[in-house]
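Survey of secondary and tertiary structure
These are the residues of each chain, in order.
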Amino acid sequence: MTQWLALDWILAVVGGWLLISVAGMVAVRRLGLVAHLLFPLGGLLGLALAGLALAALEGAPQLAVLPIGLPSLPFHLRLDSLSAYFLLVVGAASSGISVFAAGYFRKGEGTAPGLLCLEYHVFLVSMVGVILADDAYAFMVLWETMALSSYFLVTANHRLAEVRSAGYLYITMARIGAIAILLCFGVLQAGTGDYTFANMRAQALAPAWTSIGFLLAVFGFGAKAGILPLHVWLPEAHPAAPSPVSALMSGVMLNTAIYGLLRVTLDLLHLRLWWWGAVLLAAGLVTALFGVVFASVQVDMKRLLAFSSIENMGLLFVGIGLSLIFASFGLQQMSALALMATLYHVASHACFKSLLFLGTGSVLHATSERNLGKLGGLIRTMPWVAWLTLLGALTCAGLPPLGGFVSEWLLLQSFLFAPALPLPLLNMLIPVVAAVIALVSALAGYTMVKFFGVIFLGQPREEKLARAHDAGPWERAGMAWLACGCVALGLLPTRFVQVIDPVTRQLLGADLGQRVAGSSWLLAPNSTEQASYGPVAFLMGILGCFALAYVVVRLLYHGRLRRGPAWACGFPFGTARMQDTAEGFGQPIRQIFEPFFMMRRELPTAFDQRPRYLVVVADHFWRWFYVPLIDLANYLAQLMSLLQQGRISVYLMYSFLTLLATLLVVMS
Amino acid sequence: MSFSGVLSQLLEIVIAIALAPLLSGWVNQWRAWLQNRSAPGLLQPYRMLHKLFNKESMVADHASSLFRMAPYLKFGCMVLACSIIPTLSTDLPLAPAADTIALVGLFALARVFISLAAMDIGTAFGSMGARREMLVGFLAEPALLTVLFSASLISKSTSLTTIVETLAHRDFAIYPGMAFAAVAFLMVSLAENARVPIDNPATHLELTMLHEALLLEYSGRHLALLEWAASLKLFAYSCIGLALFFPWGIAEARAPAAMLLALPALLFKLGVGGFLVAVWETVNAKMRIFRVPEFLATAFLLAVLGMLVQLLLAR
């Protein structure tokens, strides 16, 4: 018997997931079996996948050919450092989400549990497949499987009309993106008719064609990642889906778009043009700012997180763009630093965004409320969910010493220490981009204070919230696993940088290896004199002062504490309705960034019998880009309907004319 | 890690903790004098802290543990901030743990926690204060970072100690970029420390409340720690300003004896700075909260402009 390689074991994990989905199909209505056996088993397989991917990071690329599909067109698979890293993220994040899902799905909510189990695991399998695919055929088949299976998951509550329309929007955008990716592969194979990635790597395309291929890839993968103006599906699809699915889509699936972009631009294409990087940088920056500004004014907690995902995808694009700019000028070391920041952020985003979505899932279950304005005070009834979500929120806000800060730090480092580039304009603009990124991350902090504060702090805004219950053990375990990820990414940056090193080495031929390995606790990409960050010492410093202050105050004075009603400046009529609402918290942002929004306000007058306050914040893109586009499509469809007379004689005439035309062409 | 390094690190922490209330007292004294009032003693902040520590802490019935832990956390953050900013010496063993970006992150961490704690009680004042604090924060934070970036671009480093060493040792040269940065920094530090014209530290009135609204529900030792942390923050910001724009007199690793000179130099610089703050607060009035975003956006744009000028002239 031959030795099994990591790729074979990973295929075994995939097989395991397929078996689970079949088992879910067999036991469609048996919730207990599906929830308490199949989902945890899936989570365990996810963990195994993460371990295998970690082991395969350093090794040489492994190839496999699966005889699936058409007779002469098998699936080519390839496991190299890039795919291993993304598999690691998929495995680690999905294991937490699967364990959470074991406690999440209940009876009588739309799709039957077994069916959900089938769709969920097919979704996982297709994501792994996309990352492993080594030819365009396999890639596209699995990419579409991913879109379809997630479409069915999004529409799990298909009895609600808004869920169905969100699903429709999602699948439409997925289709448009897929067409662009297909065209991109068409360009890349350069007319050879051989669609394997190995062949694409070997082609030396003309620069114009390469650029066309690149732009198609940006469009296609940008549609999946939610880059402006292709972002409209995210804030619709994420709230519609059940929370574990939102977590999986936002934390894991969006990363496949980043993977695809990296695969095409840095692996399959040889050319590195600086304006490619500038395109990505500009698109990413606009998207990040747009996403975070919209996130801060949302009143639906899952929509808020969806916009925050848009922001983070924008930041990832910025990182890739910067990496491309450096690579185009031959600055491999700086390019590796920017790519490192990007890949680090992929991991931390997967952890914190999944965690936050799972947190909203638990809140949704406990209160059946998604509107921030009707929540509040849940830290007292749901302490587990609250504290774990707080970790996720702090990571999302990019605060030290957690995972989000490390990637932000690395990204800012690569912006600040850009050596002189031959283009003066670029030289000037790159540090300014760093300032905008600082603004984006500060706004993310604002958004997260709003998100966490309004949901978990204060007094309950509705009576029913007093009866909210904490999450069950499965849900807690799943969230705790992801929270551990956030903390570990924050505290052990040197360790994780070494994990990512093989990827930058594969793509750019440079890594941070030696320079980082010098010190185990201090992250210093160049030298300690230039910049360094030691999260463990940082945390110890804060906690040390915390503990010292706590002890010294008690030793020198006392630790007496009295409980009483809240003071509130002595104002005696305070009710829970007088707290700041989500709308109120977003008000300064609405005012400052007014041109960003299309706002509709209904303000009550002093004489209203039933005063009503309403603010609807909409997106300019929908009104000025999508609505005209939809109108155009409708108009064209109506023109086509002129042909559709509904009488058989007319159709026969069409056939006759077509035949005649064909004959004419053939004869000439 | 040398012995003198550990010594200067400890000395710096002790000096910061001990002197921070004195700086607040100094500013308050001068402000009272300039406003023709009889001033409280220079040691009034210490008496205040002592009184508060002696008092019992009164906590709302439904306050969560987040509320009780936030003052300690903020105090810890501010002490750490003061220990990585070179006030007396650049020979600080803790400094490599956090560069300027992490320092701004540290301030942000403290701000987020204190805002969350203010929202925890669920009174109208607390959540309003939290919202305003975060509003100031999200505009001031990037401005502060951009100011620090300008300095980083000169010294090719984001480490504060390296920045100070470079700036202190350079030949006398005028950096027009740093002039913009200095104005931006001044605006940011006024906003961050809740001074006029953003907030009035002398009142509890509702319409002027920013910093005070956050502390409204605190009492006893919690309030004492928060007040102390606020004066530490003022101290930290003053020291960042001095380190960036007046770095002379700060001792270096090669000359530990200069520490003896560094303390009087620091006291002198802080004394002058505190006096100027008092003058500023006397001749200016607080602005409406609606004007604050404009003020801070100006600071941010000035900082960006400073960075651009810096880059334009450097090449």
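Refer to the structure printed above.
Position numbers for residues count from 1 along each chain, tracking the sequence in the order it is written. Written order determines the labels here, with chains lettered from A and ligands numbered from 1. In keeping with the predicted nature of the model, local features appear solely for residues at pLDDT of at least 70, side-chain atom pairs appear and are counted solely at 80 or more, and the whole-chain, interface and lining totals rest on all residues. The side-chain quantities take in all heavy atoms of the structure and omit both hydrogens and water.

**Observations regarding the overall build of chain A**
- In this text, helices come from DSSP runs of H or I with a minimum length of four residues, and strands from runs of E with a minimum of two, each type numbered from the N-terminal end. For chain A, the count of helices and strands is 24 helices and five strands.
- Note that the radius of gyration is over C-alpha atoms, with the globule rule given as 2.2 Å times the number of residues to the power 0.38. The C-alpha radius of gyration of chain A comes to 26 Å, within 12% of the 26 Å expected for a compact globule of 668 residues.
- A principal-axis box enclosing the C-alpha atoms of chain A has dimensions of 100 × 70 × 60 Å.
- Residue exposure (1.4 Å probe, protein chains only): buried if accessible area is under 20% of the type maximum, exposed if over 50%, otherwise partly exposed. Considering chain A as a whole, with its 668 residues, one finds that 58% of them fall into the buried category.
- The contact definition used throughout considers only heavy atoms, calling two residues in contact when any of these lie within 4.5 Å. Across chain A, contacts joining residues at least 24 apart in sequence account for 79% of those joining residues at least 6 apart.
- In short, Shrake-Rupley with a 1.4 Å probe defines the accessible areas, and a residue's cover is counted only from the protein chains shown. Accessible surface, chain A as shown: approximately 26,000 Å² in total, 68% of it carbon and sulfur.
- Counted as positive: Lys and Arg. Counted as negative: Asp and Glu. His and the chain ends are not counted at all. Charged groups are reduced to one reference atom each: NZ for lysine, CZ for arginine, CG for aspartic acid, CD for glutamic acid. For chain A, the centre of its 38 positive side-chain charges and the centre of its 30 negative side-chain charges are spaced 8 Å apart.

**Focus: the interface of chain B and chain A**
- Contacts between the two partners involve 79 residues from chain B and, on the opposite side, 77 residues from chain A.
- By convention, the term buried area covers the 1.4 Å-probe accessible surface removed from two parts as they join, with the contributions of both added. Across the chain B to chain A interface the summed buried area is about 6,900 Å²; carbon plus sulfur atoms make up 72%.
- Summed over the three residues of chain B that lose the most area to chain A, namely Y72, R131 and F138 of chain B, the buried surface amounts to 11% of that side.
- The salt bridge criterion pairs a side-chain nitrogen of Lys or Arg with a carboxyl oxygen of Asp or Glu, the two atoms within 4 Å. On the surface where chain B and chain A come into contact, there are three salt bridges.
- Salt-bridge contacts for D120 of chain B lead to R380 of chain A; the nearest nitrogen and oxygen are separated by 3.5 Å.
- Here a polar contact is taken to be a pair of N or O atoms separated by no more than 3.5 Å, where protein atoms must pair a possible hydrogen donor with a possible acceptor and residues adjacent in sequence count only if both atoms sit in side chains. For the interface between chain B and chain A, the tally reads 30 residue pairs in polar contact (both at pLDDT 80 or more).

**So, the environment of K269 of chain B**
Residue and element names in this part refer to chain B.
- With respect to the helices, strands and loops of the structure, K269 is situated in helix α10 (residues 259-283).
- With 107 residues separating them in the primary sequence, K269 and T162 have C-alpha atoms 21 Å apart.
- The residues touching K269, leaving out its near neighbours within four places in the chain, are L242, F246, P247, W248 and I250.
- Engagement of the side chain of K269 in a polar contact is seen with the backbone oxygen of F246, the distance being 3.0 Å.

**Here's the deal with the packing of helix α12 (residues 301-328) of chain A against helix α17 (residues 424-456) of chain A**
Residues and elements named next belong to chain A.
- Lines fitted to C-alpha atoms define the axes, with helix axes restricted to the stretch in contact, and inter-axis angles between N-to-C directions lie between 0 and 180 degrees. α17 packs onto α12 with a crossing angle of 160° between their chain directions and a minimal axis gap of 11 Å. Between α12 and α17, the interaxial angle falls into the category roughly antiparallel. Two packed elements cross with a definite hand, and for α12 against α17 that hand is left-handed. Every residue of α17 that contacts α12 at M301, L304, L305, E311, L315, V318, L322 and I325 is listed here: L426, I430, I437, V440, A444, T447, M448, K450, F451 and I455.
- Broken down by class, the residue content of the contact of α12 with α17 amounts to 15 nonpolar, one polar and two charged. Any angle between 65 and 115 degrees counts as roughly perpendicular, while under 35 counts as roughly parallel, over 145 as roughly antiparallel, and the rest as oblique. Crossings are classed by handedness, with left-handed meaning an anticlockwise turn of the near helix from the far one by less than a right angle and right-handed meaning a clockwise turn. Basically, the charged four are Asp, Glu, Lys and Arg, the nonpolar ten are Ala, Val, Leu, Ile, Met, Phe, Trp, Tyr, Cys and Pro, and anything else, Gly included, counts as polar.

**Examining a nonpolar patch on the surface**
Residue and element names in this part refer to chain A.
- By definition, no residue in a patch forms a salt bridge, and every one has over 30% relative accessible area; like charges are joined within 9 Å, nonpolar side chains (Val, Leu, Ile, Met, Phe, Trp, Tyr) within 5 Å. Where nonpolar side chains cluster on the molecular surface, the patch consists of L33, L37, L41, L44, L47 and W481 and spans about 530 Å² of accessible area.
- A per-element tally of the nonpolar patch places helix α2 (residues 31-56) first, with five residues.
- Along the polypeptide, L41 turns up in helix α2.
- For L41, a relative accessible area of 40% translates into the label partly exposed.

**Some details on the packing of aromatic side chains**
All names here are of chain A.
- Here a pair means two rings of Phe, Tyr or Trp (six-membered ring of Trp) with centres within 6.5 Å. Their orientation is stacked below 30 degrees between planes, edge-to-face above 60, and tilted elsewhere. Evaluated as defined, the whole model comprises 43 aromatic pairs over all chains.
- Look at F75 and Y137: their rings are 5.5 Å apart centre to centre, the planes differ by 75°, and that puts the pair in the edge-to-face class. Linking F75 in strand β2 (residues 75-79) with Y137 in helix α5 (residues 136-154), this pair joins segments that are 62 residues apart in sequence.
- Residue classification places Y137 among the partly exposed residues on the basis of a relative accessible area of 23%.
- Members of the aromatic cluster, each reached through a chain of ring pairs, are F139, W143, F185, F197 and F221.

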